[in-house]
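Listed here are the chains, written in short residue letters.
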Amino acid sequence: MAEEEENVEEASIRTEFPVGRVKKIMRLDKEVNKVTSEALFLVSRSTELFLRFLAEKSAEVATEKKRKIVKSEHLRIAVKRHRPTNDFLLDSLPAPPAPQSQEEASVGRKREVANKPAPAGTRRIDAFFAKSASGASPSA
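Along each chain, the written sequence defines residue order, and numbers are assigned to residues from 1. Given that the model is predicted, a residue must reach a pLDDT of at least 70 before its local features are reported, and side-chain atom pairs must reach 80 or more before they are shown or counted; all residues, however, enter totals for whole chains, interfaces and linings. The side-chain quantities take in all heavy atoms of the structure and omit both hydrogens and water.

Draft legend 1. Here's a closer look at the pattern of salt bridges. The working definition used for a salt bridge is a side-chain nitrogen of Lys or Arg within 4 Å of a carboxyl oxygen of Asp or Glu. Inspection of the entire model under this criterion finds 3 salt bridges. With a closest N to O distance of 3.9 Å, Glu 60 and Lys 57 form a salt bridge. A residue pair is termed a helical-turn pair when its members lie 3 or 4 positions apart in one helix, as Glu 60 and Lys 57 do in helix H3 (residues 37-64) at 3 residues. Put simply, Arg 81 and Glu 64 hold a salt bridge, and the shortest N to O gap is 2.9 Å. With Arg 81 in helix H4 (residues 72-81) and Glu 64 in helix H3, the pair connects residues that are 17 residues apart, well separated along the chain. Here's how the labels work: a residue is buried when its accessible area is under 20% of the maximum for its type, exposed when over 50%, partly exposed in between, all with a 1.4 Å probe on protein chains only. A relative accessible area of 53% means that Arg 81 is categorised as exposed. For Glu 64, a relative accessible area of 48% gives the class partly exposed. Strands here are runs of E lasting at least two residues and helices are runs of H or I lasting at least four, both read from the DSSP assignment and numbered beginning at the N terminus.

Structural data, given as structure tokens:
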């Protein structure tokens with residue numbers, strides 16, 4: 001029975017992140033000379049728990065917004081809601097994109113399509129759907 005408990009403990013001690021890479025990141029700090037296995041485990045495990053927390057909170061925000069995909073804006077909102085995380089992480093997140101009006105967005109799409117040349121031997125379908133100057137619909 002004692003052997004089973006030891007096996008369970010050994011299995012639960014494994015971390016998700018590669019130990020060597022975490023150690024390398026920790027040693028990037030000039031003040032850190034040596035990294036003990038206990039410190040390595042604690043930093044790795046703490047990082048896992050923190051990322052799980054962020055993922056869960058971001059997923060909650062995405063669900064509130066009725067979205068299936070978690071985006072950076074959901075992460076930003078989740079960080080803003082959690083005060084301790086907000087204090088150190090919000091400045092590190094990328095700035096949200098500037099909001100566009102629907103007119104600007106549709107003009108941008110029209111320009112993208114208009115700038116692309118049609119492949120050889122084909123013609124553009126948008127000419128078919130374009131409104132004619134006389135107001136009559138094109139006949140087929």
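Moving on from the model shown.
Draft legend 2. Layout of the environment of Glu 60. You can call Glu 60 partly exposed: its relative accessible area is 42%. For the pair Glu 60 and Ala 78, spaced 18 residues apart in sequence, the C-alpha to C-alpha distance is 8.2 Å.

Bear in mind that shape data such as this cannot, by itself, settle questions of function.
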